Amino acid sequence: MLNIVLFGPPGAGKGTQSHHLIQKYNLVHLSTGDILRGEISNGTPLGLEAKKLMDQGLLVPDEVVIGMISNKLDQNAAAKGFIFDGFPRTVAQAEALDQLLTSKNDGISGMIALEVDEEELQKRLLIRGKDSGRPDDQNPEIIKKRVAEYTSKTAQVANYYQSQHKFYAVKGVGSIDEIFGNIVKVIEELTK
Ligand code: AMP
């Protein structure tokens, strides 16, 4: 199976590139942000709790997102592989994901990290906020909080995969096609 963690700060282009990747490789896209927004629009108790944190730019508790991913893996048992987008965001989540996949005799093929500088990220998020209507993209203070969460809790997840020799950095600036081409090169190496 091809299991890719697409990594990067908010606004790096993970969602856009995920959509291209699932088409090319016939994978299932698992975005914890999308799943949480689905819970919010369905008005579920989980969604209502998560919304309070998401609106402040804070991470949702590990056990909540790990449970969601575990359910999705079970629901897609016949999948050819997964693109994990926005997950894992903490080392505890990365460890839990390894355990879940190991229990299915599977594992992460590689982490692909999209690298974009902070100024460009702020610009992209404010533009995305206008188009997507996502409240957490529209307020510069919330964006700052999300970037702070990324720096304090999520950035270390790269080291976790680096220590497993599964870390690949890709420049996240340029045209969508160019960036996609560079991601595909990494995947071709992984699947050789
Ligand atoms: P995203 O769409 O990936 O930018 O996620 C939007 C928001 O959902 C984040 O700012 C968090 O509040 C929450 N969220 C998404 N994925 C996770 C995760 N893996 N762990 C904790 N919180 C998450």
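Structure: see above.
Residues numbered from 1 in each chain as written. Predicted model: local features only at pLDDT ≥ 70, side-chain atom pairs only at ≥ 80, totals over all residues. Heavy atoms only, no water.

1. Considerations on the sheet that holds strand 2 (residues 28-31)
The strand order across the open sheet formed by 5 strands is 2-3-1-4-5, and the pairing between neighbours is parallel. The sheet terminates laterally at strand 2 and strand 5 (167-171), the two strands that pair on one side only. When the angles between neighbouring strand axes are averaged without regard to direction, this sheet yields 25°. Pairing of strand 4 (residues 110-115) with strand 5, which is carried by 5 bridges, proceeds in the parallel orientation. Residue pairing in the sheet places Leu114 in a bridge with Val170 of strand 5. On top of the sheet, helix 2 (residues 32-41) reaches strand 2 and strand 3 (81-85); it is set at about 70° to strand 2, its chief contact. (Pairing = 2+ DSSP bridges. Helix = DSSP H or I, 4+ residues; strand = E, 2+ residues; numbered from the N terminus. Axes fitted to C-alpha atoms, helices over the stretch in contact; angles between N-to-C directions. Contact = heavy atoms within 4.5 Å.)

2. Quick look at the pairing of strand 4
A regular strand carries its side chains on alternate faces of the sheet. With 5 of 6 residues buried, strand 4 is to be regarded as a mostly interior element. In the sheet, strand 1 (residues 2-7) pairs with strand 4 via 4 bridges, with the strands oriented parallel. Bridge pairing in strand 4 links Ile4 to Gly110. (Buried < 20%, exposed > 50% of the residue type's maximum accessible area, 1.4 Å probe, protein only.)

3. Description of the site of the ligand
Around the ligand, 16 residues are found, and the nearest of them are Thr32, Arg37, Leu58, Arg89 and Gln93. Note that an oxygen atom of the ligand is positioned 2.6 Å from one of the backbone N or O atoms of Leu58. A distance of 3.0 Å is found between a nitrogen atom of the ligand and a backbone nitrogen or oxygen belonging to Val60. Expressed as a share of its isolated accessible area of 480 Å², the protein-covered part of the ligand is 96%. Per-element tally for the shell around the ligand: the top contributor is helix 2, with 4 residues. Here the shell around the ligand is built from residues that sort into 7 nonpolar, 4 polar and 5 charged. (Near = heavy atom within 4 Å. Polar contact = N/O pair within 3.5 Å; in protein donor to acceptor, adjacent residues only side chain to side chain. Areas by Shrake-Rupley, 256 points an atom, 1.4 Å probe, with all protein chains shown as cover. Nonpolar A, V, L, I, M, F, W, Y, C, P; charged D, E, K, R; others polar.)

4. Quick look at the side chain of Asp137
Take Asp137: it is sitting in helix 7 (residues 135-138). Take Asp137: its relative accessible area is 0%, and that puts it in the buried class. A polar contact of 2.7 Å, which involves the side chain of Asp137, links it to the side chain of Arg128.

5. Observations regarding the packing of helix 8 (residues 140-154) against helix 9 (residues 156-163)
Taken N-terminus to C-terminus, the directions of helix 8 and helix 9 make an angle of 35°; their axes are 6 Å apart at the nearest point. Packed against helix 8, whose contacting residues are Ser152, Lys153 and Thr154, the element helix 9 presents Gln156, Val157 and Ala158 at the interface. Grouping the amino acids of the contact of helix 8 with helix 9 by side-chain chemistry returns 2 nonpolar, 3 polar and 1 charged.

6. Quick word on the pattern of salt bridges
Within this structure, the stated rule accounts for 14 salt bridges. Of the charged contacts in the structure, one is a salt bridge between Lys104 and Asp74, with a shortest N-O distance of 2.7 Å. Of this pair, Lys104 sits in the loop between helix 5 (91-102) and strand 4 while Asp74 sits in helix 4 (residues 62-75), placing them 30 residues apart in sequence. The exposure class assigned to Asp74 is partly exposed, which follows from its relative accessible area of 45%. Asp136 serves as the salt-bridge partner of Arg146, at 3.8 Å between the closest nitrogen and oxygen. Remark: Asp136 occurs in helix 7 and Arg146 occurs in helix 8; sequence separation between them is 10 residues. Residue Asp136 is classed as buried on the basis of its relative accessible area of 10%. (Salt bridge = Lys/Arg side-chain N within 4 Å of Asp/Glu carboxyl O.)

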